[in-house]
Amino acid sequence: FQNLKTTTCHFRHVESMSTLRSLAGKVTGLNAVVLGEALASEDDELVFPNDDFSRQALVPSPKKYLEMYKRSVEDPAGFWSDIASQFCWKQKWGQSVFSENFDVRVGNIKIEWFKGGITNICYNCLDRNVESGNADKIAIYWEPNEPGSQDSLTYSQLLQRVCQLANYLKDKGVKKGDAVVIYLPMIMELPIAMLACARIGAVHSVVFAGFSAESLAQRIVDCKPKVVITCNAVKRGSKVIPLKDIVDVAFVESTKNGISIDICLTYENESAMKRESTKWQEGRDVWWQDVVPKYPTTCAVEWVDAEDPLFLLYTSGSTGKPKGVLHTTGGYMVYTATTFKYAFDYKPSDIYWCTADCGWITGHSYVTYGPMLNGATVVIFEGAPNYPDSGRCWDIVDKFKVTIFYTAPTLVRSLMRAGDEYVIRYSRKSLRVLGSVGEPINPSAWRWFFNVVGDSRCPISDTWWQTETGGFMITPLPGAWPQKPGSATFPFFGVQPVIVDEKGAEIEGECSGYLCVKSSWPGAFRTLYGDHERYETTYFKPFPGYYFSGDGCRRDKDGYYWLTGRVDDVINVSGHRIGTAEVESALVSHPQCAEAAVVGIEHEVKGQGIYAFVTLVEGVPYSEEVRKSLILTVRNQIGAFAAPDKIHWAPGLPKTRSGKIMRRILRKIASRQLDELGDTSTLADPSVVEQLIALADR
Ligand code: PRX
């Protein structure tokens, strides 16, 4: 049995379960068993890290994990201050490592870590590495959209570029606490811009370059930036996207709302569009290449308090406009660095590639800050993973000898559909750890990722976390535990997940319910920008005493956590969070739309798809033309990624007598679970349901 530790173990004899369970307990220290195909439950399938991997791992056993975890929750101040001491602080934090009020019944929610500590995250990402002998280590390998060329920056070159931009921004009057909006694709200038802001204490707000002009304007109006940084265009796959044009439209919109932008720093992304073809407004628009390189390559750091804001990142909620999630400096720094190190078992020789865009939290914490705080070499890819064909990712893996590959289940599923031949034509021998994020990874995609991409050799870190949490919350530590395909396994150090029932009572042991967290962790967001009340209402009031994640979760008999998806009106499309309310409000802004209700449906590749029930204005005929124009409205108002997959014509919507839309019924109709509609007698007009069913496939 000892030998079986080296691989995935399959046992077919159910009757040997108890023997296996006790053997597994002896070998791994776990009360768990290895499973076989004949067993009904996915809970019993264990995949062990191989011995060689565990031997070299930072956390090589469940015992070590438990030891560290125990200290992290029993003595969080000691645990985290020991780690924080490894960073550079101009001045150490005050007496208490952290202070928190996590309970709305006691008072306002307040979280502080390392308060009084004076530091700078850019200094810790760059100068600290340069000074400790990593000056010539590659910080970024950049792979452009078109295969065949590449670029790179060492840590000292990156520092110089960052300093030049920081000096430019300072010269233009950007000061500590000022906001800077960054609307860039995955070119090296994106992390450069983030780090330059951090260097001078400015608060960056990166807006994913797939968002529409209207979404960009909304964010500009909310955070009122001193400068907007963009580029003229980007090529993704065979498509050119004129980003500067989108920014121009956003500026018109934001001016209507009283916010005008004085400086739009524009990088000329020559491979996508020449500057001559770019629309220009003299006085406001400035070419990056014309000004930034003229500035000095050194720039004094603005030392900031650990609790000074680092960035704002807008994310979708179940109601209203997007929320500006605010992260501060010190705790976020310590947390992203530590989670990166342990969850990927990071070693200085690793080459790390995360396919996420810096426009999302994953790109903040695990393209830029977490890896660079560890002095890692990061791969950044401008293009699309299926261009020129579905083998592109593995081509890049071989080219840069990537050792850690971190991606989203939606990409795994789409590459899985493309076929194994695109994978096996590449060596992928350099890979040693795989990672997944953004949505639950279904066991079959997990197994394909593990067996085909990782040649059954690389553990998968299925990391559960959120924009709000700043870093990993529930994640495998790849050398420590056997994994279960589809489970995010166990909490990271310092994280105390709890599962509560509808009334907010904690449930112990094997159970399902709402996933909450007890007490704070250093990377937690501190507020919603300009709306602390919404912060408390959304996250801390539903289950007083806890942070409520918005996710459902199950804990199995062995204590493994299984995320089951959002329990609020948020849809997760290809790992992108979209509020149903946002899509609905875009739809109803269409002059021919009277009413809309949006629900999520299962989607083979995207995880969830967007399904919209739409009632048109009286007298407007339901036509293909209107359908297309409704979809276009959503693309224009939010972005292409939020376009509905299906528009279901609805002469009426199922509402209670008080006028509340019964989404439960709409979800069942959307997923065609027509025999599970439940009680429809409380509807104001039950015949609406029949009409909707009749129109289902039109
Ligand atoms: O529903 C969970 C899902 O993504 C949500 C957070 O989305 P966002 O803030 O955009 O951050 C995405 C990247 C961290 C969560 O509430 N989610 C994220 N990771 C996982 C996941 N669901 C299951 N398993 C995961 N590993």
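Residues numbered from 1 in each chain as written. Predicted model: local features only at pLDDT ≥ 70, side-chain atom pairs only at ≥ 80, totals over all residues. Heavy atoms only, no water.

Asks: For this particular structure, what's the right way to read the site of the ligand?
Replies: Looking at the ligand, there are 17 residues lining it, with Asp462, Thr463, Thr467, Asp551 and Arg577 nearest. Residue Pro440 places a main-chain N or O atom 3.4 Å away from a nitrogen atom belonging to the ligand. Asp462 places a side-chain nitrogen or oxygen 2.8 Å from a nitrogen atom of the ligand. The fraction of the free accessible surface of the ligand (540 Å²) that becomes covered by protein chains is 96%. (Near = heavy atom within 4 Å. Polar contact = N/O pair within 3.5 Å; in protein donor to acceptor, adjacent residues only side chain to side chain. Areas by Shrake-Rupley, 256 points an atom, 1.4 Å probe, with all protein chains shown as cover.)

Asks: What am I meant to see in the state of the cysteines here?
Replies: In a disulfide, the sulfur atoms of two cysteines are covalently bonded to one another. Taken as a whole, this structure holds 0 disulfides when the rule is applied. This cysteine, Cys122, is not joined by any disulfide, and Cys125 carries the nearest cysteine sulfur, 6.7 Å off. Counting only cysteine sulfurs, Cys264 is the nearest neighbor of Cys231, a cysteine outside any disulfide, at a range of 10 Å. Judged by its relative accessible area of 0%, Cys231 falls in the buried class. (Disulfide = S-S within 2.5 Å. Buried < 20%, exposed > 50% of the residue type's maximum accessible area, 1.4 Å probe, protein only.)

Asks: What is the right way to read the packing of aromatic side chains from this model?
Replies: One pair of aromatic rings is described through two measures. These are the centre distance and the angle between the planes. Per the counting criterion, the structure on display carries 61 aromatic pairs. Look at Tyr366 and Trp465: their rings are 5.0 Å apart centre to centre, the planes differ by 85°, and that puts the pair in the edge-to-face class. On the criterion of sequence distance, the pair formed by Tyr366 in helix α12 (residues 361-373) and Trp465 in the loop between β20 (460-462) and β21 (497-500) is long-range, its members being 99 residues apart. Across the pair, exposure class does not vary: Tyr366 and Trp465 are buried alike. The rings of Tyr65, Tyr69, Phe79, Trp80, Tyr335, Tyr342, Trp481, Phe490, Phe492, Phe493 and Tyr560 are connected pair by pair, giving a single aromatic cluster. Above the plane of the ring of Phe211 lies Arg219, whose end atom (NZ or CZ) is 4.3 Å from the centre. The aromatic ring of Tyr560 is capped on one face by Lys484, whose charged end is 4.3 Å from the ring centroid. (Phe/Tyr/Trp six-rings, centres within 6.5 Å; stacked < 30°, edge-to-face > 60°. Helix = DSSP H or I, 4+ residues; strand = E, 2+ residues; numbered from the N terminus. Lys NZ or Arg CZ within 6 Å of the ring centre and 35° of its normal.)

Asks: What is the right way to read the side chain of Asp558 from this model?
Replies: Note on placement: Asp558 falls in the loop between β25 (547-555) and β26 (561-566). Looking at Asp558, the relative accessible area reads 12%, which means it is buried. Within the local environment of Asp558, its side chain forms a polar contact with the side chain of Lys484, the two groups lying 2.7 Å apart.

Asks: Help me understand the pattern of salt bridges, please; the structure alone is not making it clear to me.
Replies: Side chains that differ in sign of charge can pair as their charged atoms come close. As enumerated under the stated definition, the model contains 51 salt bridges in all. Linking Arg417 and Glu604 is a salt bridge whose minimum nitrogen-to-oxygen distance equals 3.2 Å. Of the two residues, Arg417 is situated in helix α14 (residues 409-418) and Glu604 in the loop between β29 (593-603) and β30 (607-616); the sequence distance between them amounts to 187 residues. In terms of burial, Arg417 and Glu604 fall into one category: exposed. With its nearest N and O atoms 2.8 Å apart, the salt bridge here joins Asp556 to Lys484. Placement of Asp556 in the loop between β25 and β26 and of Lys484 in the loop between β20 and β21 is noted, with a sequence separation of 72 residues between them. What you see here is one network of salt bridges that share partners, running through Asp44, Lys484, Asp556, Lys557 and Asp558. (Salt bridge = Lys/Arg side-chain N within 4 Å of Asp/Glu carboxyl O.)

Asks: What should I look at first to understand the sheet that holds β21 in this one?
Replies: Two modes of strand pairing occur in sheets, parallel and antiparallel, and in both the strands are linked by backbone hydrogen bonds. Spatial strand order, β22-β21-β23-β25-β26: 5 strands in an open sheet with antiparallel pairing. Looking along the sheet, the strands with just one partner apiece sit at the ends: β22 (506-507) and β26. The pairing of β21 with β22 spans 2 bridges and is antiparallel. Across the sheet, Ile499 pairs through a bridge with Ile507, a residue of β22. (Pairing = 2+ DSSP bridges.)

Asks: Looking at this structure, how should I read the nonpolar core?
Replies: Judged by nonpolar contacts, the single largest core of 178 residues is most densely connected at Leu165 and Leu587. In terms of residue count, the dominant contributor to this core is helix α6 (residues 155-171) (9 residues). Not counting the four nearest positions on each side in its chain, Leu587 is found in contact with Cys593, Ala596, Val598, Ala612, Val614, Leu630, Val634 and Ile647. By size, the runner-up hydrophobic cluster in this structure holds 31 residues, among which are Ile396, Trp446, Phe449 and Cys458. (Core = buried A, V, L, I, M, F, W, Y, C linked by side-chain atoms within 4.5 Å. Contact = heavy atoms within 4.5 Å.)

Asks: Is there a simple way to explain helix α3 (residues 62-74) in this structure?
Replies: Here α3 spans 18 Å end to end across 13 residues, near enough to the 18 Å set by a 1.5 Å rise per residue. Within α3, burial applies to Pro62, Tyr65, Met68, Tyr69 and Ser72. The buried side chains of α3 occupy one side of the element, clustering within an arc of 130° when seen end-on. Exposed positions of α3 whose direction lies more than 90 degrees from the buried face are Lys63 and Glu74. (Expected span 1.5 Å × (residues − 1). Arc of directions from axis to C-beta.)

Asks: Can you walk me through the environment of Cys299 in this structure?
Replies: You can see Cys299 is positioned in the loop between α10 (288-291) and β13 (304-305). Separated by 151 residues in the primary sequence, Cys299 and Gly148 place their C-alpha atoms 35 Å from one another.

Asks: Looking at this structure, I do not really get the UniProt feature "domain: AMP-dependent synthetase/ligase" (unreviewed entry) in the chain. What am I missing?
Replies: Following the UniProt record, the feature "domain: AMP-dependent synthetase/ligase" (unreviewed entry) maps to residues 133-520 here. Helix and strand shares over residues 133-520 are 31% and 22% respectively, and the end C-alpha atoms of the span are 35 Å apart. (UniProt positions renumbered as here; feature names shortened; annotations may be inferred.)

Asks: I would appreciate a short explanation of unusual backbone geometry in the present structure.
Replies: Glycine aside, negative phi is the norm for most residues, and most peptide bonds take the trans geometry. Cis peptide bonds are those with omega within 30 degrees of zero, and the linkage from Tyr387 to Pro388 qualifies with -5°. Among the secondary structure elements, Pro388 is positioned in the loop between β17 (377-381) and α13 (392-400). Positive phi is not limited to glycine here, since Lys224 has a value of about 50°. Relative to the helices and strands, Lys224 resides in the loop between α8 (213-223) and β8 (227-231).

Asks: Is there a simple way to think about the UniProt feature "domain: Acetyl-coenzyme A synthetase N-terminal" (unreviewed entry) in the chain in this case?
Replies: Look at the UniProt record and you will see "domain: Acetyl-coenzyme A synthetase N-terminal" (unreviewed entry) annotated at residues 65-125. Its end C-alpha atoms 27 Å apart, residues 65-125 is made of 39% helix and 16% strand.

Asks: Where do I start with the packing of helix α18 (residues 580-588) against helix α19 (residues 624-637) in this structure?
Replies: For any two helices packed against each other, the geometry comes down to the angle between their axes and how far apart the axes lie. The N-to-C vectors of α18 and α19 enclose an angle of 120°; their axes lie 8 Å apart at closest approach. Taken together, the axes of α18 and α19 are oblique relative to one another. Considering only the axes of α18 and α19, their crossing is right-handed. In this structure, α18 contributes Val583, Ala586 and Leu587 to the contact, and α19 contributes Leu630, Thr633, Val634 and Gln637. (Axes fitted to C-alpha atoms, helices over the stretch in contact; angles between N-to-C directions. Parallel < 35°, antiparallel > 145°, perpendicular 65-115°, else oblique. Left-handed = near helix turned anticlockwise from the far one by under 90°.)

Asks: I tried to follow the sheet that holds β17 on my own but got confused; where do I start?
Replies: Strand order in this open sheet of 7 strands is β5-β4-β17-β16-β18-β19-β20, and the pairing throughout is mixed. What marks the edges here is a single partner per strand, and that holds for β5 (151-154) and β20. Recorded for the sheet is a direction-independent mean angle of 20° between the axes of neighbouring strands. Relative to strand β18 (residues 404-407), strand β16 (residues 351-354) runs parallel, the two being bridged by 3 bridges. Looking at β18, one finds that Tyr352 is bridged to Ile404. Across the sheet, α13 touches β4 (138-143), β16, β17 and β18, and the angle it forms with β4 is around 145°.

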